[in-house]
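Fold and contact review
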Amino acid sequence: MTQPKIAVDLIMKKMAESTEQSHVKAKRASEILLGPLDTEISPTPYEVVYEEDRIKLKHYMPKEVKYKRPLLVVYALINRETMLDLQEGRSVVQTFLDNGLEVYMIDWGYPTRKDQYLTIDDHVNVYMDNVIDFIRKRHELEQIHLMGICMGGAFCVMYSALHPEKIKNLVTTVTPTNFDTDKGLLHIWMRNTNADQMADCYKNMPGDLMNLGFLLLNPARLIIDKYISFFENMDNKGFVENFIRMEKWIFDSPDVPGETFRQFITDCYRENRLIQSRLELDGKRVDLKKLTMPLLNIYGKFDHLVPPEACDKLTKQVGSKDTEDMCLDTGHIGIYVSSKCQKIFGPKILSWLKERDQEQKAEQPRAKEKAKAEKKPAETATEPDAAPEETKKSEPKKAAKKSTASKKTAEPAAKETKETEETEETETRAAAKSKKPKRQVASSSAPKSTSRSKTGKKSAKKS
Amino acid sequence: MGDQSQNSKTSPEALFADWMKTTMSFWEGMPSWPPAAGPSSGNDEDRKEGKTGETKNRFNRSFESSQRILTAMMAALAEPENVNASFKSLETLPQFMMNLGQQMMDNYLMVQQKMTERIQRTGEQVPPYSFDDIDRDLFKKFREMYQTEIQKYFNVPSLGLNRLYQDRYNRFLDKFNLYQTAINEFLYMFYIPMEKSFSVMQEQMETLAEKGEFHDDFKAYYNMWIKILEGHYMTLLKSPEYTEVMTQTIDALAQYKQAKEDFLADLLQEFPVPTLKEMDALYKDIYVLKKRVNDLSKKVEEKT
C-alpha cells in the first residue's frame, strides 16, 4: 500500500482538535469579555495647572525632583498625548517621574468648529508661548526643557527657532522636518491632497477621516491581521486589556483645526519650507540657524509615517553645535510603547538632559537675568540664547553625532504593526503612583479663574 | 374613389377635426353660468343686498371668457393646416423619447460590454504584484456616460424666484452621483489585492500539494496569505493610479459634502436656528476679536 501524498488523516485530526480548542477558547473569552477589565489609559496622576480655550496643561510631579528644570512635552494635534502614559510599565511619563524629572504636558483638547481659524502661529506663538511663560514664571526660571512628538516636534522646532531664549534643551522625537521624501506613503498622499478644498469643506479636518487614512497605509495588517490576532488571543485577559487600551488610544482622534491643516500641508508637505528656513509664522521667518540650544533628535528606523529621511536632516540645519541623532529599530508608535524601547528611549532622554541640566547650576535667578537683559537689550536681541558664555564654551561639541541603537532589520510596515499591537503582560511597577507627589517648586501665578483637575486640584485658567 | 373618400374620412386628421368640431359645439352649447343651483352663500342678508347677483355676474363673466378662449383655440386647431401641425408636434415627443432612449441604451450596452469583458477575464491568469491590468476603463466609460448623458440635466439653467434653491438642489444631486461613481471605483481598486492574493495563494497551494507539502496547521496558510496580501497592497498603494483614484474620491466626497451643506442651509432657513455659514461668520469675528484683545493685553502688560 502506497503512502498518500497529502496526510489527509492528520489534517482532519488537527481540524477536530482546533474545533475543540476554539470551543474552550470561546468560552473563556466570553468570561473575560463579560467580566471586569482594567482598560484605563493615562493612569499616572496629574494636575491641570493651566487652561486656555480648549487646551490644558497637565503637570506630573515626581516623588523627588532631581532635575533643575522641568520638561514640557508637546504632543501632535493628531491623536492624543495619553500615548505617553498608556499603562503601567509602558509609560514614558512614569519613567521620567521615577527618575526625578518634573513633567508638563500639553493636552490640545478637542477642537470644535469655532477653532477652525486657528493657525500654526496660534498654536506655536500663542498657546505654546503662554504655556512656556507660565511654567517659567511658576519655577522662576529663564529656560525650560522642551520635548516634541511628531507634529508637536515640528511645533517645538518652530518655537525654539523663534524663542530660543526660553528653551534650554530641545528633544525632538519622530519629528518630520524634511518633507521632500517619497519614502513614506503619507508624504506622497499628502502632497496630492487638495488641502484648500479639505479645509474649506470640513472646516476642521476630521480625526476619523485621518485615522481611516492611517489604516489604509497598511490595510492587510491594520484592518485584518490585527483583529484576527485579537480573536486568537481573546482568552488571554492581559492581551485583551492591552489591546483595548491601544484601541482606545488609536481611535481617540481629535479633529485638526482647518487652517492649521491647510498650512501644514501647504507649507510643509508641499513646499518643504521648514527645513529650508523659509517657513513664516505671522510674518516672522522660522530660521533654523537661530535654534542654538542642544538638540537630541530621536526617530524610528521602521517608521512608515515619518520615515528617517524626514527626520535626520534637522541636526545639520540648526545653529546648535551640540546635536545628536538617535535612530531606534522601531516604528512611529513603538518608540513610545514597545517594551524594548521603554528601556532605551526614556533613559536616553533622561541621561542626555541630566548632562545638560547640571551645567546650568550657576544660572542666575530670573529677576537678575531680567535686569541684565534690560541693561543690554541689543545683545539679547542678537544673541537669543541667554546661557552665559562660559556655559556655552563648556558645551560638548558633538556636531551631528549619530548613534544607531542596533542594526537589526525587518519589513518596515509589518514591523511597525507588530510593535504597535504588541501586547505583552504588563510589568508591575514598584512606585506607588497613587501617593501624592512631593512638591519642590512652588509659587504658581495668580489664577484668573479655577477649574478642577483629574486629581481634584485647582488650576490657573486664562480666558 | 369611394375608398379614397372613405379613407380621408377615417384619417387621423379628419377624425381629429370632427372631434374638435363636436367639442366646440359642446362648449358653445353649454348654458351660461350659473346653473340652477348657482354659488350662493345662502345668506338672506347677502341676497337682500344683491351680493349673490354680483358674485354670479363675476363668475359668469369669467366662465364665459374662458369658454370663448377655449372655443377660439379649438376653432384655430380645427383648421386643416393646424391639425397637421398639431399632429407633427405630437410626433416629435416619441421621437425625442426614442433619441434619448437610444443614446442611453447605447451607453448602457457599452458599459454592459465592458462588464462582460471583465467577467470573461475572471478566470484568467492574474500576474502577482502587478496592477497594469486594472480595468479602470469601465469606470471611466461610466463616468463619461454620466457626464455626457445625465449631468447636463442637472445643469439646465433654473428660472424664477426659486432659481438659486433649485440650482443648489441640482448641484447636490449631481455631486452625490459623482461621489458614488468615485467611491465605486475606489472600492473596486481596493478589492483588487484581495482578488490577486487569493489567486496567488491558490497557485502556491497547488504547488505545495504537488510536492506533498500540505500543512496541517491552518495558521500557516493564513500567515502565508496575509503576507501575500500585504505585498499586493503595498504595490497598489504606491502606484500612481491608486493615488489618483484616492485623490479623486476625496475630492468628490468633499464636493458632495459642500453641496449637501449648501442645500441643507436652504432648508434650515425655514427653522429658527442659525445656519453653519452664519455660525462660521460669528466664529471668525470672535477669532479676530480675541486675537486683537490678546495683542492689546500684551502691549498693556509690556507698558506696565
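The residue numbers shown here count from 1 along each chain, following its written sequence. Both sets of labels track the order of writing: A upward for chains, 1 upward for ligands. Totals for whole chains, interfaces and linings use every residue, but because this is a predicted model, local features are given only for residues with pLDDT of at least 70 and side-chain atom pairs only at 80 or more, for both listing and counting. Hydrogen atoms and water are omitted, and side-chain values are computed over all heavy atoms in the structure.

1. Comments concerning the overall build of chain A
Counting its regular elements, chain A contains 19 helices and 16 strands. Each residue is placed in one exposure class: buried if its accessible area under a 1.4 Å probe, protein chains only, is under 20% of its type's maximum, exposed if it is over 50%, and partly exposed if it falls in between. Looking at chain A residue by residue over its 463 residues, the buried ones come to 58%. Taking the contacts inside chain A whose residues are at least 6 apart along the sequence as the reference set, 81% of them involve residues at least 24 apart. Only the protein chains shown count as cover for residues, and all accessible areas are computed by the Shrake-Rupley method using a 1.4 Å probe. Accessible surface computed for chain A: about 19,600 Å², of which carbon and sulfur atoms make up 54%. Going along the chain from the N terminus, every DSSP run of H or I of four or more residues is numbered as a helix, and every run of E of two or more is numbered as a strand. Contacts: residue pairs with any heavy atoms within 4.5 Å of one another.

2. What to know about the interface of chain A and chain B
Taken together, the contacts link 40 residues of chain A with 42 residues of chain B. Buried area between chain A and chain B, summed over both chains or domains, comes out near 3,700 Å², and the portion from carbon and sulfur atoms is 61%. Note: buried area is the sum, over both parts, of the accessible area (probe 1.4 Å) each one loses when the two are combined. In terms of surface lost to chain B, no three residues of chain A exceed Arg113(A), Tyr117(A) and Trp189(A), which account for 17% of the buried area on that side. Salt bridges are defined as contacts in which a side-chain nitrogen from Lys or Arg sits within 4 Å of a carboxyl oxygen from Asp or Glu. At the boundary of chain A with chain B, the tally comes to eight salt bridges. As a salt-bridge pair, Asp280(B) and Lys203(A) come within 4.0 Å of each other at their nearest N and O atoms. Side-chain atoms alone can form a polar contact between residues adjacent in sequence; in general such a contact is a pair of N or O atoms within 3.5 Å, and within protein one must be able to donate a hydrogen while the other accepts it. Our enumeration of links across chain A and chain B arrives at 13 residue pairs in polar contact (both at pLDDT 80 or more).

3. Notes on the pattern of salt bridges
All names here are of chain B. Tallying each qualifying case throughout the model produces 40 salt bridges over all chains. Glu149 is the partner of Lys152 in a salt bridge, and the nearest nitrogen-oxygen pair spans 4.0 Å. Highlighted residues: Lys152 and Glu149, both in helix H6 (residues 137-154), separated by three residues, approximately one helical turn. A salt bridge links Arg163 to Asp167; the shortest N-O distance between them is 3.5 Å. Highlighted residues: Arg163 and Asp167, both in helix H7 (residues 163-211), separated by four residues, approximately one helical turn. Judged by relative accessible area, which is 36%, Arg163 ranks as partly exposed.

4. Description of empty space enclosed by the protein
Residues and elements named next belong to chain A. Think of a 1 Å grid over just the protein atoms. A cavity is a set of points where a 1.4 Å probe fits yet cannot get out, a pocket is an open set with protein on both sides within 12 Å along at least five of seven lines, and lining residues have an atom within 4 Å of a point. Grid points are joined across faces, edges and corners, and a volume is the space filled by probe spheres set on the points. In the structure shown here, the tally under the stated rule is one cavity of 30 Å³ or more. Roughly 70 Å³ of volume is contained in the largest cavity. If you go around the largest cavity, you meet 13 residues; those closest to its centre are Ala76, Asn79, Trp108, Gly109 and Pro254. Amino acids outside the nonpolar list (Ala, Val, Leu, Ile, Met, Phe, Trp, Tyr, Cys, Pro) and the charged list (Asp, Glu, Lys, Arg) are all regarded as polar, and Gly is one of them. Each residue belonging to the lining of the largest cavity can be placed in one class, and the counts come to six nonpolar, two polar and five charged.

5. A word on the state of the cysteines
Working definition: a disulfide is two cysteine sulfur atoms within 2.5 Å of each other. Scanning all chains against the criterion turns up zero disulfides over all chains. Cys311(A) supplies the cysteine sulfur nearest to Cys327(A), a cysteine that is in no disulfide, at a spacing of 8.6 Å.

6. A word on a nonpolar patch on the surface
In this analysis, a patch consists of residues with relative accessible area above 30% that form no salt bridge, clustered at 9 Å for like charges and at 5 Å for the nonpolar side chains Val, Leu, Ile, Met, Phe, Trp and Tyr. A cluster of nonpolar side chains, namely Met12(A), Met15(A) and Phe218(B), defines an oily patch on the protein surface of about 300 Å² accessible area. Along the chain, the position of Met15(A) falls in helix H1 (residues 8-34). Judged by relative accessible area, Met15(A) falls into the partly exposed class, the value being 38%.

7. What to know about the pairing of strand E1 (residues 47-52) of chain A
Most of E1(A) is tucked away: six of the six residues are buried. Counting the residues in the hairpin turn of E1(A) and strand E2 (residues 55-60) of chain A gives two residues, including Asp53(A), whose phi is positive at 50°. For two strands to count as paired, DSSP must find a minimum of two bridges between them.

8. Quick notes on the nonpolar core
One finds Leu57(A), Leu72(A), Leu146(A), Met158(A), Tyr336(A) and Tyr242(B) to be the most contacted residues of the largest nonpolar core, which totals 135 residues. Apart from residues no more than four positions distant in its own chain, Tyr242(B) is found in contact with Trp189(A), Leu216(A), Phe186(B), Met189(B), Phe190(B), Leu236(B) and Leu237(B). To qualify as a nonpolar core, a set must consist of buried Ala, Val, Leu, Ile, Met, Phe, Trp, Tyr and Cys residues joined through side-chain atoms within 4.5 Å. By size, the runner-up hydrophobic cluster in this structure holds eight residues, among which are Ala252(B), Tyr256(B), Ala259(B) and Phe263(B).

9. Examining H6(B)
The length a helix should cover is 1.5 Å for every residue beyond the first. Compared with an ideal rise of 1.5 Å per residue, which puts 18 residues at 26 Å, H6(B) spans 24 Å between its outermost C-alpha atoms and is within 8% of the ideal. Three or more residues of H6(B) are buried, namely Leu138(B), Phe139(B), Arg143(B), Met145(B), Tyr146(B), Glu149(B), Gln151(B) and Phe154(B).

10. Structural notes on the packing of helix H3 (residues 120-139) of chain A against helix H10 (residues 276-303) of chain B
Between two packed helices, both the angle of their axes relative to each other and the distance between the axes serve to describe the pair. As a rule, the C-alpha atoms of each element are fitted with a line to give its axis, helices using only the stretch in contact, and angles between N-to-C directions run from 0 to 180 degrees. In contact at an axis separation of 13 Å, H3(A) and H10(B) are set at 45° when each is read in the N-to-C sense. Comparing their axes, H10(B) and H3(A) come out oblique. Remark: the crossing between H3(A) and H10(B) carries left-handed chirality. Only Tyr287(B), Lys291(B) and Lys298(B) of H10(B) make contact with H3(A), whose side of the interface consists of Asp121(A), Asp122(A), Asn125(A), Asp129(A) and Asn130(A). Along the lines of polarity and charge, the residues of the contact of H3(A) with H10(B) split into one nonpolar, two polar and five charged. Here the word oblique covers every angle except those under 35 degrees (roughly parallel), over 145 (roughly antiparallel) and from 65 to 115 (roughly perpendicular). Note on convention: the crossing is left-handed when the near helix lies turned anticlockwise from the far helix by less than a right angle, right-handed when the turn is clockwise.

11. What to know about the side chain of Gln263(A)
Residue and element names in this part refer to chain A. When you line up the elements, Gln263 lands in helix H10 (residues 258-270). Classification of Gln263 by relative accessible area gives buried; the value is 15%. In contact with Gln263, not counting residues within four places along its chain, are Thr119, Ile120, Asp121, Cys268, Glu280 and Leu281.

12. Examining the confidence of the model for chain B
Residues and elements named next belong to chain B. Think of pLDDT as the predictor's per-residue confidence, scored from 0 to 100. A residue-level look at chain B finds 78% of positions with pLDDT of 70 or above and a mean pLDDT of 79. For chain B, helix H3 (residues 44-49) is the element with the lowest average pLDDT, namely 52, and H10 is the one with the highest, namely 93. This model gives residues 36-42 a pLDDT under 50, and the stretch forms eight contacts once residues within four places in sequence are excluded.

13. Details of the packing of aromatic side chains
Within 6.5 Å between ring centres, the rings of Phe, Tyr and Trp (the latter by its six-membered ring) count as paired, and their orientation is classed by plane angle as stacked under 30 degrees, edge-to-face over 60, tilted in between. What the rule picks out here adds up to 26 aromatic pairs over all chains. A ring pair is formed by Tyr46(A) and Tyr60(A), whose centres lie 5.6 Å apart and whose planes are at 55°; its orientation type is tilted. Of this pair, Tyr46(A) sits in the loop between H1 and E1 while Tyr60(A) sits in strand E2, placing them 14 residues apart in sequence. Between Phe139(B) and Tyr188(B), the ring centres sit 5.0 Å apart and the planes meet at 45°, which makes this aromatic pair tilted. Of this pair, Phe139(B) sits in helix H6 while Tyr188(B) is found in helix H7, placing the two residues 49 residues apart along the sequence. In this pair, the class of Phe139(B) matches that of Tyr188(B), namely buried. Its end group placed over the ring of Tyr46(A), Lys58(A) keeps NZ or CZ at 4.6 Å from the ring centre. Definition used: whenever NZ (Lys) or CZ (Arg) falls within 6 Å of the ring centre and also within 35 degrees of the ring normal, the charge is taken to sit over that ring.

14. Quick look at H7(B)
Taking 1.5 Å per residue as the helical rise, H7(B) with its 49 residues ought to reach 72 Å, and the 73 Å between its terminal C-alpha atoms agrees with that figure. Note on bend: the value at a residue is the angle between axes fitted to the seven residues ending there and to the seven starting there. Of all the bends in H7(B), the greatest, near 25°, is centred on Tyr191(B), and the proline Pro193(B) appears no more than four residues after it.

15. Some details on unusual backbone geometry
Excluding glycine, a negative phi dihedral is what most residues carry, and trans is how most peptide bonds are arranged. Residues and elements named next belong to chain A. If you check the backbone angles, Cys150 has positive phi at about 55° while not being a glycine. Counting through the fold element by element, Cys150 comes out in the loop between strand E7 (144-149) and helix H4 (151-162). Relative accessible area serves as the criterion here: at 17%, Cys150 is assigned to the buried category. Not every positive phi belongs to a glycine, and Asn272 is a case in point at roughly 50°. Note on placement: Asn272 falls in the loop between H10 and strand E11 (280-281). Judged by relative accessible area, which is 7%, Asn272 ranks as buried.

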